[in-house]
Amino acid sequence: HWSYMGYVDLDFLQIFTQQRFWDAFLESPVFCPSCTEENVETLRNVALGLLGYFLFQVVLERFLPCDLVQGAPIKGDPNHRLTYRINGHLAFWVTLLVVQNGWPIWHEESGTWQLTS
């Protein structure tokens, strides 16, 4: 079964590529009171890695085959139920396979992403 994917707008990700965002973060006494340039760079890489992992899971959820299952009745409308895509177990194994056999690494010399094995 395949369900309708809908429209995904990723324009909000542009804020992370703008230097003024990271300058404001670096100067913020709330978010990073004692950050250095190196700490902010590490924090940015971790945040982008986490965001990449999340987006990878969204892609798996949308494109892997699944069972469509009806959820519990919605409060106030007992005749209406939400439909859920059940493919988390397959997504786990695909993620494990990618981490084990195809970890992406950026190569400075060629300027491309390559998969390790």
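The coordinates are above.
Scope of this entry: the structure provided in the associated data block.

Conventions used here
- Residues numbered from 1 in each chain as written.
- Predicted model: local features only at pLDDT ≥ 70, side-chain atom pairs only at ≥ 80, totals over all residues.
- Heavy atoms only, no water.
- Helix = DSSP H or I, 4+ residues; strand = E, 2+ residues; numbered from the N terminus.
- Buried < 20%, exposed > 50% of the residue type's maximum accessible area, 1.4 Å probe, protein only.
- Contact = heavy atoms within 4.5 Å.
- Salt bridge = Lys/Arg side-chain N within 4 Å of Asp/Glu carboxyl O.
- Pairing = 2+ DSSP bridges.

When helices and strands are counted, the chain shows 3 helices and 4 strands. Helices (α) and strands (β) of the chain occur, in sequence order from the N terminus, as α-α-β-β-α-β-β. Here the chain, with 117 residues, has 14% of them falling under the buried criterion. In the chain, the share of contacts with a sequence separation of at least 24, taken over all contacts with a separation of at least 6, comes to 36%.

Now for the environment of Thr-116. Structurally, the position occupied by Thr-116 is in the segment after β4 (112-115). You can call Thr-116 partly exposed: its relative accessible area is 31%. Each C-alpha atom of the pair Thr-116 and Val-98 lies 9.8 Å from the other, and the pair is 18 residues apart in sequence. Thr-116 has contacts with Asn-101, Gly-102, Trp-103 and Ile-105, leaving out every residue within four places of it along the chain.

Applying the stated criterion across every chain, the model contains 2 salt bridges. A salt bridge links Glu-61 to Arg-62; its shortest N-O distance comes to 3.3 Å. The class for Arg-62 is partly exposed, based on a relative accessible area of 28%. A salt bridge links Arg-85 to Glu-61; its shortest N-O distance comes to 3.3 Å. Linking Arg-85 in strand β2 (residues 77-86) with Glu-61 in helix α2 (residues 37-63), this pair joins segments that are 24 residues apart in sequence. Salt bridges sharing partners connect three or more residues here, namely Glu-61, Arg-62 and Arg-85.

Where strand β3 (residues 104-107) and β4 come together, 4 bridges link them in antiparallel fashion. Looking at β4, one finds that His-107 is bridged to Thr-112. In textbook terms, the turn of a hairpin is the stretch between consecutive antiparallel strands, and for β3 and β4 this stretch comprises 4 residues, one of which, Gly-111, has a positive phi near 70°.

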